[in-house]
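Summary of the model geometry
Here is how the chains run, residue by residue.
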Amino acid sequence: MQKFIAESSFWELFPDAAIGVIVVHDMKRAGDVPAADAAEISRLLSDANCEANTHLISNVISENEPVKVWREAYRQFKTKKGARCSIENLLKRVLKGNPVGSITPSVDAYNAISLKYALPVGGEDIDAFVGDLRLGLTEGGDAFLPLGEDEDDPTLPGELCYRDDAGAVCRCFNWRDGQRTALTDESENAFLVIESIDPARRGDLEAALDEFAALMERYLGATVTTRAVIDREHPEVVIAE
């Protein structure tokens, strides 16, 4: 049995957080997604780039509420210099008139949800996990090969990260994924996550989670085996039997 566990060190920092989790199996590989469905996902991503403007009331990225709340969150733990929440990076592109483009159908789906709801969304290849997946503060030194890089960049002491028994999975909470567990064109089984640290946005989180699951079923042909929201009273969920 394999679990996702949000550790006590996480809840001490963010007692009101909620983390939406979806586990999908038998997801179509990128090359097996019909061209019409891939085009539809790309269109949804394009629409989401436009919808993201509703969350941008200021031309100064840090003054927008979805960014402001995460800037404050990142002050609560040790981060690599320049690390920012994934949603800030996406919204900054929209603000600068450089919309988020198509990558693969699965990644396009989670970027579309992230932009539409202005919440951080991520995905990992669950088959690459070694042991349980945990979210919490680390003592540092967890192995991590960032996407697009050739050298290991281990975690810092006091950093908040997702990690398993083989090392870090995503550094600085939701800043950057590693190559080892990243979704690829060949991924079939995925762990998908949506994060909120603002209790006022619990309804948005639930709606985003439902829409995300529906997209994975409709366009990726995936079977949703887990749909759950982790909070302080329910800090773990089984993700694989």
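Residues numbered from 1 in each chain as written. Predicted model: local features only at pLDDT ≥ 70, side-chain atom pairs only at ≥ 80, totals over all residues. Heavy atoms only, no water.

Turning to helix α5 (residues 105-117), a few remarks are in order. Given 3.6 residues per turn, any residue in an α-helix points the same way as the ones three and four places further on. In a regular helix each residue adds 1.5 Å, so 13 residues correspond to 18 Å; α5 covers 19 Å between its end C-alpha atoms and thus fits that length. In terms of burial, α5 is a largely internal element, 12 of the 13 residues being buried. P105, S106, V107, D108, A109, Y110, N111, A112, I113, S114, L115 and Y117 are the residues of α5 that are buried. For α5, the elements touching its buried residues are α2 (35-51), α4 (86-95), β3 (121-125), β7 (176-177), β8 (190-196) and α6 (202-220). Count one or two residues on from α5 and you reach A118, which has phi positive near 55 degrees. (Helix = DSSP H or I, 4+ residues; strand = E, 2+ residues; numbered from the N terminus. Expected span 1.5 Å × (residues − 1). Buried < 20%, exposed > 50% of the residue type's maximum accessible area, 1.4 Å probe, protein only. Contact = heavy atoms within 4.5 Å.)

What follows is about the layout of surface pockets. A volume near 710 Å³ is recorded for the largest pocket. Contributing elements (two or more residues each) for the lining of the largest pocket: α4, α5, β3, β6 (167-171), β7 and β8. Of the residues contributing to the lining of the largest pocket, the split by class is 16 nonpolar, 9 polar and 5 charged. (1 Å grid on protein atoms, 1.4 Å probe; cavity = no way out; pocket = protein on both sides within 12 Å on 5 of 7 lines; lining within 4 Å. Points joined across faces, edges and corners; volume = space filled by probe spheres on them. Nonpolar A, V, L, I, M, F, W, Y, C, P; charged D, E, K, R; others polar.)

This part covers the environment of A109. With respect to the helices and strands, A109 occurs in helix α5. As for A109 and P146, which are separated by 37 residues in sequence, their C-alpha atoms are 22 Å apart. Setting aside residues up to four positions removed in sequence, A109 forms contacts with I41, F212, L215 and M216.

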